2 protein chains.
Amino acid sequence: MSVRVLEHPSVEEIRLEAVLHALADPARLEVVCFLARTEGEAACSEIDLAVSKSTGTHHYRVLREAGVINQVYQGTAKMNSLRKADLDALFPCLLDSVVSAAAKRPRRDQGSTSGAGRPRTHQGE
Amino acid sequence: MSVRVLEHPSVEEIRLEAVLHALADPARLEVVCFLARTEGEAACSEIDLAVSKSTGTHHYRVLREAGVINQVYQGTAKMNSLRKADLDALFPCLLDSVVSAAAKRPRRDQGSTSGAGRPRTHQGE
DNA sequence: GCCGTAGTACGATGGTCGTCGTAGTATGGT
DNA sequence: ACCATACTACGACGACCATCGTACTACGGC
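Parameters at a glance
- Residues numbered from 1 in each chain as written.
- Chains lettered and ligands numbered in written order.
- Predicted model: local features only at pLDDT ≥ 70, side-chain atom pairs only at ≥ 80, totals over all residues.
- Heavy atoms only, no water.
- Helix = DSSP H or I, 4+ residues; strand = E, 2+ residues; numbered from the N terminus.
- Contact = heavy atoms within 4.5 Å.
- Areas by Shrake-Rupley, 256 points an atom, 1.4 Å probe, with all protein chains shown as cover.
- Near = heavy atom within 4 Å.
- Polar contact = N/O pair within 3.5 Å; in protein donor to acceptor, adjacent residues only side chain to side chain.
- Nonpolar A, V, L, I, M, F, W, Y, C, P; charged D, E, K, R; others polar.
- Buried area = accessible area lost by both parts, 1.4 Å probe.
- Salt bridge = Lys/Arg side-chain N within 4 Å of Asp/Glu carboxyl O.
- pLDDT = per-residue confidence, 0-100.
- Buried < 20%, exposed > 50% of the residue type's maximum accessible area, 1.4 Å probe, protein only.
- Least-squares fit on C-alpha atoms with pLDDT ≥ 70 in both.

### Comments concerning the overall build of chain A
No. 1: Check the secondary structure of chain A and you find five helices and three strands.
No. 2: Walking chain A from its N terminus toward its C terminus, one meets helices and strands in the order α-α-β-α-β-β-α-α.
No. 3: Within chain A, contacts between residues separated by at least 24 positions form 68% of all contacts whose residues are at least 6 apart in sequence.
No. 4: Accessible surface for chain A amounts to roughly 7,100 Å². Of this, 52% is attributable to carbon and sulfur atoms.

What follows is the structure, encoded as structure tokens:
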């Protein structure tokens, strides 16, 4: 009886171009910013993305395969967290500067999306 | 009698995703790293890219339209420079962290390409 | 004027990418 | 066992992207 295990690139396999490519998409940047604001990890279902569920699955896979996020199953849910330590070691300041740059820009969709802007705290504890 | 003028996006028009997308390509990253090492500006012909001239033109256009580089004609040559001040104002630390991350990685092609790794100084003066 | 050089518009090609719906799998609760 | 939930593999679609060759434009030197 095995729990589902997901493949992640090792630190040596993480490529700068793949990371930049992963971060260059609005939906994936949204996920990364959400996780940057969240202590610990967050399930996919906690993050509202303005795309279908199957597209969301695609985007999470791109982030994982680029080495930007760590994913682990807990029951049916997939818990996500940034590989901040790895990315900061490989590319110092990159993640922080991207996240803070994304946070500063004017957001047009902030009024229309619910929940994506803020991580839920103290839920299911 | 007009000199050829190139369109550049204003600071307000520069988008984080477009910048990240522009930097996510190996050839374009090569150009940006070259220009980061170069004081002042460099002509396209000074930067050896491992692609054809027409593909090179395509890549320079992507960088310019993303707002990463400034381009100006001097005779038949196009002089390129990074829009460092603009990018640092918009996305503090981003350009520096990308460039230093790119500089740190092991380069497999460094032995096979000539000149791209180092800007030529005191040539044609 | 011609010539050499730098760079390009155009069109084509093949691959990549983001998108989605559908039918499916895996899990935990009952 | 069933059920609800989270998530996904698959295939499809249309747009985007990187690539190149060809014929071209613009420029400065002579």
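From this point, things continue past the structure.
### Details of the protein's contact with DNA strand D
No. 1: In the vicinity of DNA strand D there are 22 residues, among which A:Thr57, A:Lys78, B:Ser52, B:Thr55 and B:His59 approach most closely.
No. 2: In this structure, a phosphate oxygen belonging to DNA strand D sits 3.4 Å away from a main-chain N or O atom of A:Cys44.
No. 3: Contacts to DNA strand D include A:Thr76, whose side-chain N or O atom sits 3.3 Å from a sugar or linking oxygen.
No. 4: If you tally residues by element for the surface near DNA strand D, the top one is helix 3 (residues 53-66) of chain B, at four residues.
No. 5: The residue inventory of the surface near DNA strand D, partitioned by class, reads five nonpolar, 13 polar and four charged.

### Examining the interface of chain A and chain B
No. 1: Contacts between chain A and chain B engage 21 residues on the former and 21 residues on the latter.
No. 2: For the chain A and chain B pair, buried surface summed over both sides reaches about 1,600 Å², with 66% attributable to carbon and sulfur atoms.
No. 3: One can count zero salt bridges joining chain A with chain B.
No. 4: Counting the contacts that link chain A with chain B gives zero residue pairs in polar contact (both at pLDDT 80 or more).
No. 5: Elements supplying a minimum of two residues to the side of chain A that touches chain B: helix 1 (16-23), helix 2 (26-37) and helix 5 (94-104) of chain A.
No. 6: In the side of chain A that touches chain B, the residues fall into 13 nonpolar, two polar and six charged.

### What about the confidence of the model for chain A?
No. 1: With 82% of its residues at a pLDDT of at least 70, chain A reaches an overall mean of 87.
No. 2: Confidence drops under a pLDDT of 50 for residues 109-125 of chain A, and excluding neighbours within four residues, the segment shows 15 contacts in the predicted structure.

### Focus on the protein's contact with DNA strand C
No. 1: As a structural note, the neighbourhood of DNA strand C is formed by 23 residues, with A:Ser52, A:Thr55, A:His59, B:Thr57 and B:Lys78 the closest of them.
No. 2: The share of sugar and phosphate among atoms of DNA strand C within 4 Å of the protein is 68%.
No. 3: One of the side-chain nitrogen or oxygen atoms of A:Thr55 is found 3.0 Å away from a phosphate oxygen of DNA strand C.
No. 4: Within the contact set of DNA strand C, a phosphate oxygen lies 3.3 Å away from a backbone nitrogen or oxygen of B:Cys44.
No. 5: Elements represented by at least two residues in the surface near DNA strand C include exactly helix 3 (53-66) of chain A together with helix 3 and strand 3 (77-82) of chain B.
No. 6: Counting residues per element, the surface near DNA strand C draws most heavily on helix 3 of chain A, at four residues.
No. 7: The residue inventory of the surface near DNA strand C, partitioned by class, reads five nonpolar, 13 polar and five charged.

### Points about the pattern of salt bridges
All names here are of chain A.
No. 1: Overall, the coordinates contain eight salt bridges over all chains when judged by the stated rule.
No. 2: The partner of Arg 83 in a salt bridge is Asp 86, and the shortest N-O contact between them spans 3.0 Å.
No. 3: In this structure, Asp 96 engages Lys 84 in a salt bridge whose closest nitrogen and oxygen atoms are separated by 3.2 Å. With Asp 96 in helix 5 and Lys 84 in helix 4 (residues 84-90), this pair connects stretches of sequence that are 12 residues apart.
No. 4: Here Asp 96 falls in the partly exposed class, since its relative accessible area comes to 41%.
No. 5: One salt-bridge network, held together by shared partners, links Lys 84, Asp 88 and Asp 96.

### Describing the relation of the copies chain A and chain B
No. 1: Taken as rigid bodies, chain A and chain B are interconverted by a rotation of 180° and an axial shift of 0.0 Å, the fit giving an RMSD of 0.0 Å. What the superposition gives is, in effect, a two-fold axis relating one chain to the other.
No. 2: Comparing interface residues between copies, 100% of those in chain A also sit at the interface in chain B, which points to an isologous, same-surface contact.

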